Amino acid sequence: MTRTVIPNVNSDREYWGAVDDFADRREIIREAISNSIDANSKNISIDIEMMEEQKLMTIKIKDDGDGMTPTLLEHNFFSLGESSKLNEESIGEKGHGTKTYICGERIVVNTVWENVNTVATMTEPLSFRPKIPEIEIEEPARVQQKNFTEVIIENIHIDSRDIDKFRFGSLK
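From a predicted model like this one, the values you see are computed outputs, not experimental measurements.

Okay, the nonpolar core next. Phe 78 and Ile 153 are the most contacted members of the largest nonpolar core, which has 26 residues in total. Of all the secondary structure elements, the ones that give two or more residues to this core are helix 1 (11-20), helix 2 (26-38), strand 2 (56-63), helix 3 (70-77), strand 3 (106-113), strand 4 (116-123) and strand 7 (148-157). With residues up to four places along the chain from it excluded, the contact list for Ile 153 reads Ile 28, Met 57, Thr 58, Ile 59, Ile 61, Tyr 101, Cys 103, Gly 104, Arg 106 and Ile 107.

Along helix 1, the residues that are buried comprise Tyr 15, Trp 16, Ala 18 and Val 19. One face of helix 1 carries all of its buried residues, which in axial projection span an arc of 155 degrees. Each element contacted by the buried residues of helix 1 is listed here: strand 4. Its side-chain oxygen at 3.2 Å from the backbone nitrogen of Asp 12, Asn 10 defines the N-terminal cap of helix 1.

Time to look at the pattern of salt bridges. Counted under the stated rule, the structure contains 8 salt bridges. Close ionic contact of Glu 31 with Arg 30 constitutes a salt bridge, the shortest N to O distance being 3.4 Å. Arg 161 is the partner of Asp 159 in a salt bridge, and the nearest nitrogen-oxygen pair spans 2.7 Å. Owing to a relative accessible area of 57%, Arg 161 belongs among the exposed residues under this scheme. Because the salt bridges share partners, they merge into one network encompassing Asp 24, Arg 26 and Lys 165.

Here helix 2 spans 19 Å end to end across 13 residues, near enough to the 18 Å set by a 1.5 Å rise per residue. Listing the buried residues of helix 2 in full gives Ile 28, Ile 29, Glu 31, Ala 32, Ser 34, Asn 35, Ser 36 and Asp 38. Backbone geometry just downstream of helix 2 places Asn 40 in the positive-phi region, at approximately 65 degrees.

The next point concerns the packing of aromatic side chains. For the coordinates displayed, the defined rule picks out 3 aromatic pairs. Between Phe 77 and Phe 78 the ring centres are 5.0 Å apart and the planes differ by 85 degrees, which places this aromatic pair in the edge-to-face class. Overall, the relative accessible area of 9% leaves Phe 77 in the buried class. In this structure an aromatic cluster arises from ring pairing among Phe 77, Phe 78 and Tyr 101. The ring of Phe 148 carries the charged tip of Lys 62 above its face, separated from the ring centre by 4.6 Å.

Time to look at the environment of Arg 26. Mapped onto the elements of the fold, Arg 26 is located in helix 2. Judged by relative accessible area, Arg 26 falls into the partly exposed class, the value being 31%. Taking C-alpha positions, Arg 26 is 9.0 Å from Thr 100, a pair spaced 74 residues apart along the chain. Within the structure, the side chain of Arg 26 is placed 2.8 Å from the side chain of Asp 24, a separation counted as a polar contact.

Below, the discussion takes up the pairing of strand 2. Summarising burial for strand 2: 6 of the 8 residues are buried, a large majority. Two elements, strand 1 (residues 44-51) and strand 2, share 8 bridges in a ladder whose sense is antiparallel. Looking at the pairing, Ser 45 lines up with Lys 62 of strand 2. Between the antiparallel neighbours strand 1 and strand 2 lie 4 residues, among them Lys 55 with a positive phi of about 55 degrees.

About the cut-offs
- Residues numbered from 1 in each chain as written.
- Predicted model: local features only at pLDDT ≥ 70, side-chain atom pairs only at ≥ 80, totals over all residues.
- Heavy atoms only, no water.
- Core = buried A, V, L, I, M, F, W, Y, C linked by side-chain atoms within 4.5 Å.
- Buried < 20%, exposed > 50% of the residue type's maximum accessible area, 1.4 Å probe, protein only.
- Helix = DSSP H or I, 4+ residues; strand = E, 2+ residues; numbered from the N terminus.
- Contact = heavy atoms within 4.5 Å.
- Arc of directions from axis to C-beta.
- Polar contact = N/O pair within 3.5 Å; in protein donor to acceptor, adjacent residues only side chain to side chain.
- Salt bridge = Lys/Arg side-chain N within 4 Å of Asp/Glu carboxyl O.
- Expected span 1.5 Å × (residues − 1).
- Phe/Tyr/Trp six-rings, centres within 6.5 Å; stacked < 30°, edge-to-face > 60°.
- Lys NZ or Arg CZ within 6 Å of the ring centre and 35° of its normal.
- Pairing = 2+ DSSP bridges.

Nothing here speaks to function; it is all geometry.
This is the structure we're talking about:
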């Protein structure tokens, strides 16, 4: 007699495995640029604030791309293995890249798509380990604003190697 089975997947372990795959903090910049390009951005702003004494860094990324619908933000951005970028011209498609952002004390995503503003916040994501972190999503609001997405990753813990990697000569 033959049986058909479906393998089990430990979703918590897979999520954190994807987070751990991006140990190099410079991947945040690569991912941000890739996402902005995929969102048809014409302008991308990346601000890096180094707090060397505290061994912390905050990265702010803002683009003028398509923005994200509330559903896309909720179901794709923070999720693993979910992606709306399944066409040939997209850079990303596996739904792993934004896990590079799960390294700070707080991640805030503020996006406008067709005059609908949605803000999602993940606070202390590393404290949830080994469980998947929770996301707080504000009720979408109607606004009169052009599409954009801003991601802020606050208080990323860094060491001297990270500081050296983010110096201008190293980053370029």
